[in-house]
Amino acid sequence: MFNALPSTSQDFYVSILSASIQALKMNTYFDNFDKQRYNADGVDRSGVFEVGQRTFYFDWFFRHHDDLFRAYAALGNDDSKLLYLFLIGYRLAGHHSVKIPVDFLFKPQEYAAYQALEQGSESQLALTGMFGKLKHFDFQYEGHPYKIDCLGLEYYLFRRQYFYDKNGIVVAPQTGDYVIDGGACTGDTALVFSNAVGPTGKVFAFDPVAEHLELMEHNRQQFPIANVELMPYGLANIDVDCAPIVVNKYSPGFRVDQQQVPLRSIDSLVKSGGIPRVDYIKMDIEGSEMDALRGAHESILRFQPKLGISLYHKPDDLFELVLHIQQTYPFYQLYVDHYTIHQEETVLYCIAPQRVQQA
């Protein structure tokens, strides 16, 4: 779809527009749709051409192409830049026209083997949500045990979300790291991080939802390593004291309307000694990533931790978060990776040079 990487703002603009329009004209992909994600209510949406979405994103691109180019130019390797072009093209042309080149699709045999390994049984917990009941998993993968009640671990174990490893650059939780897990939800990432950092590391699992915290406490009792601390807060740039919110279900993408939520900034927790150091920060917090980054400013300057920041909750995140980190923390090298066939689950990875040497 993209034969060359553009080097100027004008080339970037023309390349994305021409490739997207060509894709709209030529392609009709009926296999490029996540039915489990978008047909969860039983309604088949795979054939829907969303005119409103196409209109919104073409207008968005016209208004923000200069900012998008600056974010693209800030990325540290060609893999990230090419993927970034596809991510924009997908937003413009949609799932019928653009296939995002994600790594896991090119490993069909390994994918099938992992799916055969991750065979869960129905969880005995009553908690349910938009994807139905949870499953209970108990299996070994790459030398580590995984026992948990959740929706699955494929994204983090097989697709390797939050574990960037390309061309000698590793941005991932490693042995002994102290990890911030922002948006821990069911505890799936906390378990994967727990095994990755080992007994000498620590995982601080943040979530402000009462049902998620109860589920994570249940799961923490099953984890093989006792290195996860539950943090009953959302991440932000302010501190708010109140009880965890109740949503009466598991809700990975929960929203609150005028409801007070318990919040903490990373800086305040570091200052108080609640978190002694920070080596890796993961944020998947439903559009609050910018506030949480601002609330971690002093800690980022002090520790220069590795970052894995979600880049898809709001359209402008695709450039605003990249440019904020580039301008505020110029010591970081920036990379992007993606973990679905649709536009969700893009992660911005950031690493300081001394961390590259350690990796």
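Structure shown above.
Source: prediction; values computed, not measured. (Residues numbered from 1 in each chain as written. Predicted model: local features only at pLDDT ≥ 70, side-chain atom pairs only at ≥ 80, totals over all residues. Heavy atoms only, no water.)

Participant: Go over the pattern of salt bridges with me, naming the residues and quoting the values.
Facilitator: Opposite charge on two side chains allows them to pair when their charged atoms are near. On inspection of all chains with the given rule, the structure shows 14 salt bridges. Where Lys 133 meets Glu 122, a salt bridge forms, and the shortest distance between an N and an O atom there is 3.6 Å. Here Lys 133, found in strand β3 (residues 132–133), pairs with Glu 122, found in strand β1 (residues 121–122); they are 11 residues apart in sequence, far enough to count as distant. For the salt bridge of Arg 264 with Asp 241, the shortest nitrogen-to-oxygen distance reads 2.5 Å. Here Asp 241 lies in the loop between β11 (234–235) and β12 (263–264) and Arg 264 lies in strand β12, a separation of 23 residues in the sequence. With relative accessibility at 62%, the residue Asp 241 sits in the exposed group. The network of salt bridges with shared partners includes Asp 103, Lys 166 and Asp 337. (Salt bridge = Lys/Arg side-chain N within 4 Å of Asp/Glu carboxyl O. Helix = DSSP H or I, 4+ residues; strand = E, 2+ residues; numbered from the N terminus. Buried < 20%, exposed > 50% of the residue type's maximum accessible area, 1.4 Å probe, protein only.)

Participant: Would you mind going over the side chain of Thr 346 in detail, with residue names and values included?
Facilitator: Mapped onto the fold, Thr 346 is located in strand β16 (residues 346–351). In this structure Thr 346 comes out as buried when scored by relative accessible area, which is 0%. Within the structure, Thr 346 has its side chain in polar contact with the side chain of His 338 (distance 2.7 Å). Once residues within four sequence positions are removed from consideration, Thr 346 is found in contact with Leu 87, Ile 309, Ser 310, Leu 311, Tyr 312, Val 336, Asp 337 and His 338. (Polar contact = N/O pair within 3.5 Å; in protein donor to acceptor, adjacent residues only side chain to side chain. Contact = heavy atoms within 4.5 Å.)

Participant: With reference to specific residues and values, describe the nonpolar core.
Facilitator: Within the largest apolar cluster, 106 residues are counted, with the highest numbers of intra-cluster contacts made by Ile 88 and Leu 153. Setting aside residues up to four positions removed in sequence, Ile 88 forms contacts with Phe 12, Ile 16, Trp 60, Phe 61, Leu 68 and Leu 318. By size, the runner-up hydrophobic cluster in this structure holds 7 residues, among which are Val 209, Ala 236, Ile 245 and Val 261. (Core = buried A, V, L, I, M, F, W, Y, C linked by side-chain atoms within 4.5 Å.)

Participant: Which residues make up the layout of surface pockets, and what values do they have?
Facilitator: Counted as a void, the second largest pocket has a volume near 180 Å³. Taken together, 14 residues form the lining of the second largest pocket, with Asp 103, Lys 107, Arg 159, Arg 160 and Asp 337 sitting closest to its centre. Elements with a contribution of two residues or more to the lining of the second largest pocket: β6 (164–166) and β15 (333–338). Broken down by class, the residue content of the lining of the second largest pocket amounts to 6 nonpolar, 1 polar and 7 charged. (1 Å grid on protein atoms, 1.4 Å probe; cavity = no way out; pocket = protein on both sides within 12 Å on 5 of 7 lines; lining within 4 Å. Points joined across faces, edges and corners; volume = space filled by probe spheres on them. Nonpolar A, V, L, I, M, F, W, Y, C, P; charged D, E, K, R; others polar.)

Participant: Help me get a handle on the pairing of β15, residues and values and all.
Facilitator: Burial analysis of β15 places 5 of its 6 residues in the buried class, which makes it a mostly covered element. Across 6 bridges, β15 lies against β16 in antiparallel orientation. Within β16, the residue paired with Gln 333 across the bridge is Ile 351. (Pairing = 2+ DSSP bridges.)

Participant: How would you explain the sheet that holds strand β4 (residues 135–141) if you had to name every residue and give the values?
Facilitator: The antiparallel open sheet is built from 3 strands, whose spatial order is β1-β4-β5. Looking along the sheet, the strands with just one partner apiece sit at the ends: β1 and β5 (144–150). Pairing between β1 and β4: 2 bridges, direction antiparallel. Across the sheet, residue Ser 121 finds its bridge partner in β4, namely His 136.

Participant: I'd like a description of the environment of Gln 119, backed by residues and values.
Facilitator: Its place among the elements puts Gln 119 in the loop between α5 (108–117) and β1. Along the sequence, Gln 119 and Lys 135 sit 16 residues apart, while their C-alpha atoms lie 9.1 Å from each other. Looking at Gln 119, its side chain comes within polar contact range of the main-chain oxygen of Gln 115, at 2.8 Å.

Participant: Which residues make up unusual backbone geometry, and what are the values?
Facilitator: A positive phi angle, near 70 degrees, is found at Arg 160, a position not held by glycine. In this structure, Asn 248 is a non-glycine residue whose phi angle is positive, near 65 degrees. Mapped onto the elements of the fold, Asn 248 is located in the loop between β11 and β12.

Participant: Could you give an account of empty space enclosed by the protein, naming the residues involved and the relevant values?
Facilitator: Inspection of the entire model under this criterion finds 1 cavity of 30 Å³ or more. Estimated volume of the largest cavity: approximately 30 Å³. Lining the largest cavity are Val 48, Phe 49, Glu 50, Arg 54, Ala 93, Gly 94, His 95 and His 96. Looking at the lining of the largest cavity residue by residue, the class counts come to 3 nonpolar, 3 polar and 2 charged.

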